[in-house]
Amino acid sequence: MASKEKIIIINDNPFMVEIIAERIKREGFNIISALDSREGIEKIKKGKPVLAILNLPLPDDANGLDTLKKMREEKKIEDMAILVLSNDDTENYHKKIISFGINGYLIKQFTNTEETVSEAINIIKNKNKPITKIERRKDKAEYESPFAKNGIDAGVPKQIKAKIEKALASPR
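In this numbering scheme, every chain counts its residues from 1 along its sequence in written order. Where totals are concerned, whole chains, interfaces and linings use all residues; where local detail is concerned, this predicted model gives features only for residues with pLDDT of at least 70, and gives and counts side-chain atom pairs only at 80 or more. Note: side-chain values were computed over all heavy atoms of the structure, leaving out hydrogens and water.

Explain the overall build of the protein to me, please; I cannot follow it from the model alone.
Helix and strand counts for the protein stand at six helices and five strands. In sequence order, the protein lays out its α and β elements as β-α-β-α-β-α-β-α-β-α-α. Here the protein holds 172 residues, and 41% of them are scored as buried. With an accessible surface of roughly 10,100 Å², the protein has 49% of that area assigned to carbon and sulfur atoms. Secondary structure follows DSSP: runs of H or I at least 4 residues long count as helices, runs of E at least 2 residues long count as strands, and numbering of each begins at the N terminus. We call a residue buried when its accessible area falls under 20% of the maximum for its residue type, exposed when it is over 50%, and partly exposed in between, using a 1.4 Å probe and counting protein chains only. Areas reported as accessible are Shrake-Rupley estimates using a 1.4 Å probe. Residue values count occlusion only from the protein chains shown.

Would you mind going over the sheet that holds strand β4 (residues 81–86) with me for this structure?
By way of backbone hydrogen bonds, the strands of a sheet pair with one another, either parallel or antiparallel. Any two strands between which DSSP finds at least two bridges are classified as paired. Strand order in the open sheet formed by five strands is β2-β1-β3-β4-β5, and the pairing between neighbours is parallel. A single partner strand is all that each edge strand has here, and the edge strands are β2 (30–34) and β5 (104–107). Each neighbouring strand pair of the sheet contributes to a mean axis angle of 15°, computed without reference to strand direction. With five bridges joining them, strand β1 (residues 6–10) and β2 adopt parallel strand pairing. From the neighbouring strand, Ile8 faces β2, where its bridge partner is Ile32. Between two residues, a contact is recorded if the distance between any of their heavy atoms is within 4.5 Å. Axis geometry follows a simple rule: fit a line to the C-alpha atoms, using only the stretch in contact for helices, then measure angles between N-to-C directions, giving values from 0 to 180 degrees. Here helix α5 (residues 113–125) sits on the sheet in contact with β1, β3 (51–55), β4 and β5, set at roughly 155° to β4.

It is not clear to me how the packing of helix α2 (residues 37–47) against helix α3 (residues 65–73) should be interpreted in this structure. Could you clarify?
Relative placement of two packed helices is described by the angle separating their axes and the distance separating the axes. Relative to each other, α2 and α3 sit at 15°, their axes nearing to 10 Å. Put simply, α2 runs roughly parallel to α3. Taken as a pair, α2 and α3 cross one another with a handedness that is right-handed. Across the interface between the two elements, Ser37, Ile41 and Ile44 of α2 pack against Thr67, Lys70 and Met71 of α3. Each angle is binned into one of four classes, with values under 35 degrees roughly parallel, values over 145 roughly antiparallel, values of 65 to 115 roughly perpendicular, and all other values oblique. In this scheme the crossing of two helices becomes right-handed for a clockwise turn of the near helix relative to the far one and left-handed for an anticlockwise turn of less than a right angle.

I would appreciate a short explanation of the pattern of salt bridges in the present structure.
When the charged atoms of two side chains with opposite charge come close together, those side chains can pair. Just to be clear on terms, a salt bridge is a Lys or Arg side-chain nitrogen sitting within 4 Å of an Asp or Glu carboxyl oxygen. Applying the stated criterion across every chain yields a total of eight salt bridges. The salt bridge involving Lys25 is made with Glu22; its shortest N-O contact spans 3.9 Å. On the criterion of helical spacing, the pair formed by Lys25 and Glu22 is a turn pair, its members being three residues apart in helix α1 (residues 14–25). With relative accessibility at 45%, the residue Lys25 sits in the partly exposed group. Glu114 is the salt-bridge partner of Arg23, the closest N and O atoms lying 2.8 Å from each other. Here Glu114 lies in helix α5 and Arg23 lies in helix α1, a separation of 91 residues in the sequence.

Keep in mind these numbers describe shape, not what the thing actually does.
Here's what the structure looks like:
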């Protein structure tokens with residue numbers, strides 16, 4: 001894709017912005033970035049991106065709903081596609097964010113950079129169709145223990161490991 005369309009990444013973690021931005025640039029897009037919602041909305045108005053990759057929550061919006069509301073109320077950007085990255089996998093939260101006409105939703109803790117980029121490109125190709133349902137991640141994939149990766153033990157006692165794994169694997 002040699003379109004040079006713009007994508008904005010709104011994420012309070014500059015390291016993650018850099019990782020995602022590098023990968024998306026390889027697909028032929030220009031990148032705009034912001035570290036909070038206020039900065040993001042201002043840059044969207046000026047840069048007119050085709051898609052926002054919105055990491056929630058943000059430091060200036062604890063649940064992200066205010067950010068989504070402002071984005072949809074702003075006339076210049078109300079139709080821009082939005083891909084939300086969050087760790088909130090509750091049905092109630094899904095219903096709330098879908099009501100803002102988001103175009104994609106990924107659970108951060110289960111999503112890698114390639115999946116994020118792939119979803120972003122699919123949203124742009126599908127002409128910004130809003131989603132109507134979010135499948136709970138627990139129904140889609142097996143939980144993978146963070147302790148299993150690379151055989152890392154980190155000296156964590158077994159009973160604490162079990163509690164951590166149970167908490168991470170349990171739906172909210």
